[in-house]
Amino acid sequence: MLLSSKGKHRRPSKAVRIATLAGVTGAAIAVPLMGATGASAASVATWDAVAQCESGGNWSINTGNGYYGGLQFSASSWAAAGGTQYAARADLATKDQQIAVAEKLLDLQGPGAWACAGAGGLTDDGVDPGVDTGSAPKADTKAQPERKAEQPASRSEKRTAPKETVTTPTGQKVEKGDGEYKVKAGDTLSKIADAKKVKGGWQKLFKLNDDIVHDADLIFPGQQLHLK
């Protein structure tokens, strides 16, 4: 599901995927993504370059490693950015649909969500890719293993934090927590661990907050994390 030392929605060896999205335990509320024109946007040519680095430019790739499509979305980041309105997984969606979801993720997390951002020249250049997402998602013809329900974290039993929530960009509510550090847009577990000199790095930070962060790929602005 994540991590190396500083990435987000992708594989461990490439970067820690978290930042503005967090513990997604179900399909995120679908939001219109076609023609995303927020503060962050990139051209189709830029996304092609990123995909070339991420997957060799294969928009339908599924090697069974938990990351899918040309831009190598994890299942959780795909759902959190609204991708399930198009297909169950990124590799089952069209190229334009994947770019539309990537635009949403870029707006939420910034270029740091992709380890290949530099190789692809990905920046918040504000260029609307103008993709056509269509309306019908591809059918998922492969049986997917059932995900086991998250078990209550041991730390949640030790803490008495009020059950306050924050609302994610896709409308989902997640637990806020009561830690001393408040997550900002663009943050990742790796960035926070480095900036706050957390011994044990992002892995330790994830463990410290596993009562509110269920997927290290995803954290949301407004959540409050414990640093020790």
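Let us look at the structure shown here.

To continue, consider the pattern of salt bridges. In total, this model carries four salt bridges according to the counting rule given. With its nearest N and O atoms 2.8 Å apart, the salt bridge here joins Lys 95 to Asp 48. Of this pair, Lys 95 sits in helix H3 (residues 95-109) while Asp 48 sits in helix H1 (residues 44-55), placing them 47 residues apart in sequence. Given the relative accessible area of 29%, Lys 95 is considered partly exposed. Across the pair Asp 91 and Arg 89 runs a salt bridge whose closest N-O atoms are separated by 2.9 Å.

In this description, a pair of aromatic rings is defined by centroid distance and the angle of the planes. A complete count under the given rule lists two aromatic pairs for this structure. Seen in terms of ring centroids, Trp 47 and Trp 114 are 5.1 Å apart; in terms of plane orientation they differ by 65°. Their pairing is edge-to-face. Of the two residues, Trp 47 sits in helix H1 while Trp 114 sits in the loop between H3 and helix H4 (117-120), which places them 67 residues apart along the sequence. Here Phe 73 and Trp 78 contribute two aromatic rings whose centre-to-centre distance is 5.1 Å and whose plane-to-plane angle is 70°, an arrangement assigned as edge-to-face. Considered together, Phe 73 and Trp 78 belong to a single accessibility category, that of buried residues. Sitting over the face of the ring of Tyr 68, Arg 89 holds its NZ or CZ atom 5.0 Å from the ring centroid.

Calculation notes
- Residues numbered from 1 in each chain as written.
- Predicted model: local features only at pLDDT ≥ 70, side-chain atom pairs only at ≥ 80, totals over all residues.
- Heavy atoms only, no water.
- Salt bridge = Lys/Arg side-chain N within 4 Å of Asp/Glu carboxyl O.
- Helix = DSSP H or I, 4+ residues; strand = E, 2+ residues; numbered from the N terminus.
- Buried < 20%, exposed > 50% of the residue type's maximum accessible area, 1.4 Å probe, protein only.
- Phe/Tyr/Trp six-rings, centres within 6.5 Å; stacked < 30°, edge-to-face > 60°.
- Lys NZ or Arg CZ within 6 Å of the ring centre and 35° of its normal.

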